[in-house]
Each structure stands twice: as C-alpha cells, then as structure tokens.
Amino acid sequence: MNYFLQQVINALGWGSILAILAAGYTMTFGIIGLVNFAHGEVFMAGAFAAYFILTVFELPFWLGVIACLAGSVIIGLIIERIAFKPVRGAGLITLFITSLGASIAVRNSTVIAFSDRLRSFVFPEFLKGIYQFGGLMIQKKVLVIFLVTVAICAVLLYLVKKTKVGIAMRSISYNSRMAESLGINSEKIIIITFIISSALAGIAALLWGVLFGSIQASMGALAVVNAFIACVVGGVGNVFGAMVSGYILGVGGALFIAFLPPDLVGLRPLFVWIVFFILLILKPSGLFRANIR
Amino acid sequence: MSTVPLLELKGVVAGYGKMDVINDISIRVNQGEVVTLLGSNGVGKSTTLRTILAQTDLKKGEIKYNGENVTNFPTYRIAALGISYCPEGREIFSNLTTKENLQAGAYLLKSREELEKNLDRVYSLFPILKERSNQIAESLSGGEQEMLAIGRSLMSSPNLMLLDEPSLGLAPQLVELIGTTLREINKAGVSILLIEQNAKLALEISNYGYLMRKGTIVLEGKAKDLVTDERVKEIYLGIVKV
C-alpha cells in the first residue's frame, strides 16, 4: 500500500504539469477547433526564457517566473498571428496542419540555434529537500508544484465559469456567429484565450524545469502529445476535464510502470495510448462533456 | 415626415457568396414601432435580418441606424449600437446554463446592477426560466428555449430587437404568451422588427408591415390595412383567389 501511495505522490509533479498543459490546450481546441501541436513549442519557449534568466544570467527566481510567462505568451501570439489567424474558420484539418508546420519550424530552428542537448535548469534552494510523513516521502518541489497547480486550476476554473470573459469564451466555442450578434468581439476573445493558454504553457515549462532539473529544445514533443490525449480524454474544451485527465495520465503512467516487471519499463509511453484507445472505443466524446465548460 | 427613422435599409442587395437572396430592399423602422416582414418561406426575410447584422455579403445599398451609416460595421459593433437579435431556431448556447445564456446576452452591459435588473425583468416575463436557471440549456423544452432566446436578446437593454420566427413550432398557448410578451416589451419602449409565420399574430402587434416575394418587397402599409389585403391573405390564410 505504501509502495502504491509513494508512486502516486512521486507522479504528482508530472501529473500537475500535464494538467496545466492540457487545460491550456483544451481552451484553444474548444474555442476555435484548433488541434494545436505548436503548444509544445510555446511550452518550450517559456522553458528557454526561464533558463536564460535563471541558469545563464543567474538572476532572481521571480524574474524567471516573468520570463517563462513572457516567452510563452510572445511565441504563442506570434504563432497565432502567422499560422492560425490567416486560416481562421478553415476547419479542423487545415488548422491541424498549420499547427504542425508551426511546431516543426519553431522546434527545429531552436535545435539549430541551441542544439538539442540537455541543459541544467537552476532553481532556488527553498525548493530542494524532502518531507517525511510516516513511511511516505514527498520532495519539497513536488509538493510546491502540486499546490501551485491546484491554485492555478482553481483560478482558471473561476475565470472560465464565472467571469464575463469566461462566458464569452464558452459561447463562442459553441456558436461564434450567435455570440457576435450579442456584441461579443470574438477576435478579441480568441486572442485573450491564446494569451491565457500560452501563459499556462509557460508556467508548466517552469514547473518542468524545477521538477526535472533540465530542459531541451525538443521537450515540447512528448509533452504536447500527452496534453493532447489528456484534452481528448477530458472532453474537448472542458477545462476541468483536462485538468483531471492530466492527473489521471500522469499518475496512471507512473503506476503502470511501477507494477510492470523491470525489464518492461521501456513501455512507459504506451500507457497514455492505451488509455486513449480504450476511451475512443468506449466513450469517444471524453470522460466529461465537450465544448468549453 | 422629417424625423430620422431608427433603422433604415435603402436599396439593399445581399446574399451568400455569389448568390443574391434579397434584391433592392428598403425598409424603415421608426422609434417605438413594431414592424413586421411578411412572406412565405424562402423569400429572404431571414436574410434581410442577417444582412442588418452583417452576416451576409452585402453588394449594394445602405443601412442606417439613427441616421448613422452602419453598412460596413462588423456584427459585434452592430450589436453595440443597441440592436439585439433572436434568431430562427433559437441558437441558444446549449453548453451553458440558462442563467449563463442570459449573462452572455448581457455581455455589452457595463454595470452589474443593470445586469441584475434585466435578469429580474426576464425572470418576471418568463418565470419558468428562473426555475431552470442552473439547468444546462440543452435540457430545456422547445418553448423554454424560445423564451430563453427572447430573454437573452432582452438582456442587453436593446433599443431595437430583430426577432426571427419567435412562435415557430410552439403550442398555441405559448404563441399567445409570446405575443403578449412582445407587446409588453414594445410598450417599454423597445422597437421591434419581426418576422413571423403567424401573420395574424404579427399584424395584431405591428404598426407597419412589408410583404416580401422572391427577395423583393411587393407591398407595404399600415398593419390594419394589410390585414384586409387580398395578397396577404392569399399567402397566409391559404385563400386561393378565384
């Protein structure tokens, strides 16, 4: 039992990162039907911005927080402007392909410019150390990541559920033409959605750096596939569903290999796909209801 | 008359893509009036409303609101002028609750108090919506959804309402209720441009009417004169002229 609980605790860090990434992913998917494979690169951009501030220039941590947000939001908005805005309303496949193109372009230019080697990510001392509870251990940073994520999820849910902008987002996701005739400027709301979604990717990137202690140019590739699956599992556009699914995939993946024989540990990436295919067969609309809710 | 009409369409030609649906349409709605567009299915009534909302391709003509040329305004700015829209088929946001649908309708309002005031007003017009306020809108019945669509278009404190077939597919007592409600809304000072397949209802509550055929206006006049007009009867009452 302790072994099981310990595995769950260890996986909370990765689960949190997935939850935040998936929440941001699902918002743009829900509002303009964008399967955004460039979300991983928005994520990577935030990680690099924070890396330069914290590791290269050794500036204070709060500047790293600002840097990851700024890096992701700027890249996110540039990609939106160049790759998505010109094909707005063109349908799922077109958007999917341009996002793939944007993803490849950004990732490979970064690899060319900085190479794809692992770079150590410096984070402050107060995030190091381990707490003990009975027989269980939790790393300080995992606890902090988890708490930060819960707080962010709460704020995001409040924003989507209760505020004017949130209601506007959800009405556009269902019927943008009708929303416009109520006076909602859908273009403006879409940009706001991109800013929020990118900022979430930036936070996830910072948490990734703290959790794993390193970043690299291709880090978005794995993350975005997981976020995409979490988004579909949670019901496209359902922010709460995406968060829960992020944790399900993160924690489930850890348990999956924890109970596999050691020589099969290489099968770890299989877990999300197993969940994905079972879901597509049994409940293709996702565990929770679709459309931004 | 020297007064500036609230809404004026002058020689409007519009449609979808290359296809023109309405041709040379001129309509006036004066402040405080209920004006109705009559005509059988497919003559371009809905297209006329959608053209006012900038949701069609306008080829020629002018749209003026309070004397201001608003022809090339995007949809959301048309709404910001004080024009609200209740589309055919309701188009409520099924993914939102009843209350959230009404809040979406109040998007343009600046103050919280006004939102609450309008919410109370809609709930007093349609008490059933208050009971359903936290229910997901797709679970409402057809009649409730129509009330919600009308309620939503009232939430922005509009000056002019564009209503497309509000009584379509509703039970007779509901049609009655919608009619009374529209009269009440109008009495509160809101002008209405109405499309309604129920010509009797439409002409009862209207001041003025236009009859459309094949994308153009073939007849216009005071509602009380139109009631007795043979061409109007022909379309709506199924009376075939011998």
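Refer to the preceding data block for the structure.
Residues numbered from 1 in each chain as written. Chains lettered and ligands numbered in written order. Predicted model: local features only at pLDDT ≥ 70, side-chain atom pairs only at ≥ 80, totals over all residues.

**Remarks on the pairing of strand 7 (residues 160-164) of chain B**
All names here are of chain B.
Consideration 1: Burial runs high along strand 7: 5 of the 5 residues are buried.
Consideration 2: Burial along strand 7 is two-sided: L160, L162 and D164 and M161 and L163, pointing in opposite directions, are all buried.
Consideration 3: In this sheet, strand 7 lies alongside strand 6 (residues 83-86) in parallel orientation, the contact comprising 4 bridges. Looking across to strand 7, one finds that C86 is bridged to L163.
Consideration 4: Strand direction decides the pairing type here: strand 7 and strand 8 (residues 191-195), joined by 5 bridges, are parallel. Looking across to strand 8, one finds that L163 is bridged to L194.
Consideration 5: Handedness of the strand 7-helix 7 (residues 172-187)-strand 8 crossover: right-handed. (Buried ≥ 20, exposed ≤ 12 C-beta atoms within 10 Å, placed from the backbone. Helix = DSSP H or I, 4+ residues; strand = E, 2+ residues; numbered from the N terminus. Pairing = 2+ DSSP bridges. Right-handed = clockwise from strand over helix to strand, strands pointing away.)

**Observations regarding the environment of K283(A)**
Consideration 1: Inspection of the secondary structure puts K283(A) in the segment after helix 11 (270-282).
Consideration 2: Residues K283(A) and G235(A), 48 residues apart in the sequence, show an inter-C-alpha distance of 9.6 Å.

**Re helix 1 (residues 2-32) of chain A**
All names here are of chain A.
Consideration 1: In this model helix 1 runs 44 Å from its N-terminal to its C-terminal C-alpha over 31 residues, within 8% of the 45 Å that 1.5 Å per residue would give.
Consideration 2: Its axis deflected by about 40 degrees at L12, helix 1 carries its strongest bend there.
Consideration 3: Summarising burial for helix 1: 22 of the 31 residues are buried, a large majority.
Consideration 4: Looking one or two residues past helix 1, G33 carries a phi angle of roughly 65 degrees, positive in sign. (Expected span 1.5 Å × (residues − 1). Bend = angle between axes of the 7 residues up to and from the residue.)

**Some remarks on helix 7 of chain B**
Residue and element names in this part refer to chain B.
Consideration 1: In this model helix 7 runs 23 Å from its N-terminal to its C-terminal C-alpha over 16 residues, within 8% of the 22 Å that 1.5 Å per residue would give.
Consideration 2: Those residues of helix 7 that are buried lie in contact with helix 6 (142-154), strand 8 and helix 8 (199-205).
Consideration 3: G189 sits one or two residues past helix 7 and shows a positive phi near 105 degrees. (Contact = placed C-beta atoms within 7 Å.)

**Observations concerning the interface of chain B and chain A**
Consideration 1: Taken together, the 20 residues of chain B in the interface contact 18 residues of chain A.
Consideration 2: Classifying every residue of the side of chain B that touches chain A gives 11 nonpolar, 7 polar and 2 charged. (Nonpolar A, V, L, I, M, F, W, Y, C, P; charged D, E, K, R; others polar.)

**Concerning the nonpolar core**
Consideration 1: Membership of the largest hydrophobic core comes to 167 residues, with the highest contact counts inside it found for L21(A), A22(A), A23(A), A47(A) and A204(A).
Consideration 2: For A23(A), the contacting residues outside a window of four places in its chain are C153(A), L156(A), L200(A), V239(A), A242(A) and M243(A). (Core = buried A, V, L, I, M, F, W, Y, C linked by C-beta atoms within 7 Å.)

**Details of the packing of helix 1 of chain A against helix 10 (residues 239-258) of chain A**
Residue and element names in this part refer to chain A.
Consideration 1: Interaxial distance between helix 1 and helix 10 falls to 7 Å at its minimum, and their mutual angle equals 145 degrees. The two elements helix 1 and helix 10 cross, and the hand of that crossing is right-handed.
Consideration 2: Its residues assigned to classes, the contact of helix 1 with helix 10 comprises 19 nonpolar, 7 polar and no charged. (Axes fitted to C-alpha atoms, helices over the stretch in contact; angles between N-to-C directions. Left-handed = near helix turned anticlockwise from the far one by under 90°.)

**Section: the sheet that holds strand 6 of chain B**
Residue and element names in this part refer to chain B.
Consideration 1: Strand order in the open sheet made by the 6 strands is 6-7-8-3-9-10, with mixed pairing throughout. Edge strands, defined here as strands with exactly one partner in the open sheet, are strand 6 and strand 10 (216-222). Strand-to-strand, the axes of this sheet are offset by a mean angle of 15 degrees, without reference to chain direction.
Consideration 2: The sheet contact formed by strand 3 (residues 34-38) and strand 8 spans 4 bridges and is parallel.

**Let's talk about the packing of helix 2 (residues 39-56) of chain A against helix 4 (residues 92-114) of chain A**
Residues and elements named next belong to chain A.
Consideration 1: Two elements in contact, helix 2 and helix 4, have axes whose closest approach is 8 Å; the angle formed by their N-to-C orientations is 30 degrees. With respect to helix 4, the element helix 2 is oriented roughly parallel. Handedness of the crossing formed by helix 2 with helix 4: left-handed. Here G40, E41 and M44 of helix 2 lie close against helix 4, whose contacting residues are S103, V106, R107 and T110.
Consideration 2: Here the contact of helix 2 with helix 4 is built from residues that sort into 2 nonpolar, 3 polar and 2 charged. (Parallel < 35°, antiparallel > 145°, perpendicular 65-115°, else oblique.)

**Let's talk about the sheet that holds strand 4 (residues 57-65) of chain B**
Residues and elements named next belong to chain B.
Consideration 1: Strands sit in the order 2-1-4-5 across an open sheet of 4 strands; the sheet is antiparallel. This sheet does not close on itself; its edge strands, each paired only once, are strand 2 (19-29) and strand 5 (68-69).
Consideration 2: Both strand 1 (residues 7-16) and strand 4 contribute to a ladder of 7 bridges, which runs antiparallel. The residue bridging G15 from the neighbouring strand is D57, located in strand 4.
Consideration 3: Along the sheet, helix 1 (residues 45-52) makes contact with strand 1, strand 2 and strand 4, crossing strand 2 at roughly 70 degrees.

Spatial relationships are all this shows, so hold off on functional conclusions.
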